[in-house]
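Below, each chain spelled out in residue letters.
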Amino acid sequence: MPTFVSDDAVTLRYHHEPSERSGSTPVLVVPGGPCRGVEYLAGLADATGGRDLVVLHPRGTPTTGGLSRGWWRDAADVVALADHLGLAEVDVLAHSAGTRLALAAAVQHPARVRSLLLVTPPATWLTGTADDGEQLARARRDPLVDAAVDSLLGPPPADDDEFQRRWMLEAPAGYARWGAAERAHARLGAVSLHAARAWFRDVPPDAAARVRSGVRSPVLVVGGAADAMTGVAPVESYAAALGADLVMLPDCGHYPWVEQPAALSAAVAPWLRRT
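Cut-offs and rules
Residues numbered from 1 in each chain as written. Predicted model: local features only at pLDDT ≥ 70, side-chain atom pairs only at ≥ 80, totals over all residues. Heavy atoms only, no water. Salt bridge = Lys/Arg side-chain N within 4 Å of Asp/Glu carboxyl O. Helix = DSSP H or I, 4+ residues; strand = E, 2+ residues; numbered from the N terminus. Buried < 20%, exposed > 50% of the residue type's maximum accessible area, 1.4 Å probe, protein only. Contact = heavy atoms within 4.5 Å. Pairing = 2+ DSSP bridges. Axes fitted to C-alpha atoms, helices over the stretch in contact; angles between N-to-C directions. Parallel < 35°, antiparallel > 145°, perpendicular 65-115°, else oblique. Nonpolar A, V, L, I, M, F, W, Y, C, P; charged D, E, K, R; others polar. Polar contact = N/O pair within 3.5 Å; in protein donor to acceptor, adjacent residues only side chain to side chain. Left-handed = near helix turned anticlockwise from the far one by under 90°. Patch = residues over 30% accessible without salt bridge, like charges linked within 9 Å, V, L, I, M, F, W, Y side chains within 5 Å. Areas by Shrake-Rupley, 256 points an atom, 1.4 Å probe, with all protein chains shown as cover.

Asker: What is the right way to read the pattern of salt bridges from this model?
Answerer: Close approach of charged atoms allows side chains with opposite charge to pair. Following the criterion strictly, the structure yields 18 salt bridges and no others. Note that arginine 59 and aspartate 8 form a salt bridge whose closest N and O atoms lie 2.9 Å from each other. One end of the pair, arginine 59, is in the loop between β4 (53-57) and α1 (75-85); the other, aspartate 8, is in the loop between β1 (3-5) and β2 (11-17), and 51 residues separate them in sequence. Under the relative-accessibility criterion, aspartate 8 is labelled partly exposed at 32%. Aspartate 150 serves as the salt-bridge partner of arginine 138, at 2.8 Å between the closest nitrogen and oxygen. Here arginine 138, found in helix α4 (residues 133-138), pairs with aspartate 150, found in helix α5 (residues 143-152); they are twelve residues apart in sequence, far enough to count as distant.

This is the structure:
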């Protein structure tokens, strides 16, 4: 697996997924989790409209190892990877928690980020809009989803054993349906409590304000209309705060390339061609 060296001399990993038009300018992908093993992104390449993907393996993921410096500081890793690839500017596609790192890169290095494609972003941190995810989940009247929400609303896990147990307990809330394909996908990509906690350290107190005022790149936000992990109203206000285009995919939760791949492709591929 290829590697590159970031600004602090730490070595990180990435991988390249060529498209049917191999050699096209790649889209740089930042996974979520945070710090979840990138295997869970399998199938995402079909939504890029023939663009190559270069997938960053952030600090704290099983393949890169170590711990994040916090998503604000790790923005430098996006620039270091772009430098390694010989790209003056990049289109960045980020999922879930990875959208924070993508926004941090766009604010701190505006000349290097050409566009942002933010998929099912956690949004309340940016605008303070009340989360309506619990309402979406309870409306399903599914005992497994209710148990997932109860766990999400409970106190933080005390240790990694509890974190791993609750990760699978909470998984049904991340999908509009909880079938065999969704169950299989939920098991992909390891993540640890220690790594996830490190993702949120040393973030400046004015980070949200700096993002709201500092993003100049074109932005597309893709949300799931049934995503209990993010809600709908927060994602709508998040997109508005960024001056972004917004597509809400019906019958879709937190993982559009798994749940609604054709609809995701229809939204993403033309936008990437335009930008």
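Asker: Looking at this model, I keep getting lost on the environment of tryptophan 199. Mind explaining?
Answerer: Position of tryptophan 199 relative to the elements: it lies in the loop between α8 (193-198) and α9 (207-214). We classify tryptophan 199 as buried; its relative accessible area is 1%. The spacing of tryptophan 199 and proline 58 is 141 residues in sequence and 9.9 Å in space, taken between C-alpha atoms. Each residue touching tryptophan 199, except ones within four places of it in the same chain, is listed here: Pro34, Cys35, Pro58, Ser68, Gly70, Trp71, Asp74, Ala97, Gly98 and Leu101.

Asker: Would you explain the environment of glycine 154 in this entry?
Answerer: Residue placement: glycine 154 occurs in the loop between α5 and α6 (160-170). Judged by relative accessible area, glycine 154 falls into the partly exposed class, the value being 30%. As for glycine 154 and arginine 141, which are separated by 13 residues in sequence, their C-alpha atoms are 19 Å apart.

Asker: Where do I start with the side chain of threonine 99 in this structure?
Answerer: Position of threonine 99 relative to the elements: it lies in helix α2 (residues 98-108). Threonine 99 sits in the buried class, given a relative accessible area of 0%. Those residues in contact with threonine 99, other than ones at most four positions away along the chain, are Ala94, Leu118, Val119, Pro121, Pro122 and Tyr238.

Asker: Looking at this model, I keep getting lost on the sheet that holds strand β5 (residues 90-95). Mind explaining?
Answerer: Hydrogen bonding along the main chain pairs the strands of a sheet, whether they run parallel or antiparallel. The sheet built from eight strands is open, its strands ordered β1-β2-β4-β3-β5-β6-β7-β8 with mixed pairing. At either end of the open sheet lies a strand with only one pairing partner, and these are β1 and β8 (245-249). Neighbour-to-neighbour, the strand axes of this sheet turn through a mean angle of 25°, independent of strand direction. Pairing analysis gives four bridges linking strand β3 (residues 27-30) to β5, with the strands arranged parallel. Opposite valine 30, over in β5, you have alanine 94 as the bridge partner. Contacts from α2 reach β3, β5 and β6 (113-119), with the element oriented near 160° to β6. Against the sheet, helix α10 (residues 233-242) contacts β6, β7 (219-224) and β8, and its axis sits at roughly 180° relative to β7.

Asker: Would you mind going over the packing of α5 against α6 with me for this structure?
Answerer: It is the contact of α5 with α6, at a shortest axis distance of 8 Å, that shows an interaxial angle of 140°. In terms of orientation, α5 lies oblique with respect to α6. The residues of α6 that touch α5, namely those facing Ala147, Ala148, Ser151 and Leu152, are Arg166, Leu169 and Glu170. Grouping the amino acids of the contact of α5 with α6 by side-chain chemistry returns four nonpolar, one polar and two charged.

Asker: Help me out: how do you make sense of the environment of arginine 112 in this one?
Answerer: Assignment of secondary structure puts arginine 112 in the loop between α2 and β6. In contact with arginine 112, other than residues within four places in its own chain, are Val79, Ala82, Asp83, Leu87, Ala88, Glu89 and Val90. A polar contact is formed between the side chain of arginine 112 and the backbone oxygen of leucine 87, at a distance of 2.9 Å.

Asker: Explain the packing of α2 against α9 here, please?
Answerer: A pair of packed helices can be characterised by two numbers: the angle between their axes and the separation between those axes. Interaxial distance between α2 and α9 falls to 9 Å at its minimum, and their mutual angle equals 65°. Where α2 crosses over α9, the handedness of that crossing is left-handed. For the pair α2 and α9, the contacting residues are Leu103, Ala106 and Val107 in the first and Arg210, Val211 and Gly214 in the second. Looking at the contact of α2 with α9 residue by residue, the class counts come to four nonpolar, one polar and one charged.

Asker: What is the right way to read a nonpolar patch on the surface from this model?
Answerer: A cluster of nonpolar side chains, Leu152, Leu153 and Met229, forms an exposed patch at the surface whose accessible area comes to about 260 Å². Judged by relative accessible area, leucine 153 falls into the exposed class, the value being 56%.

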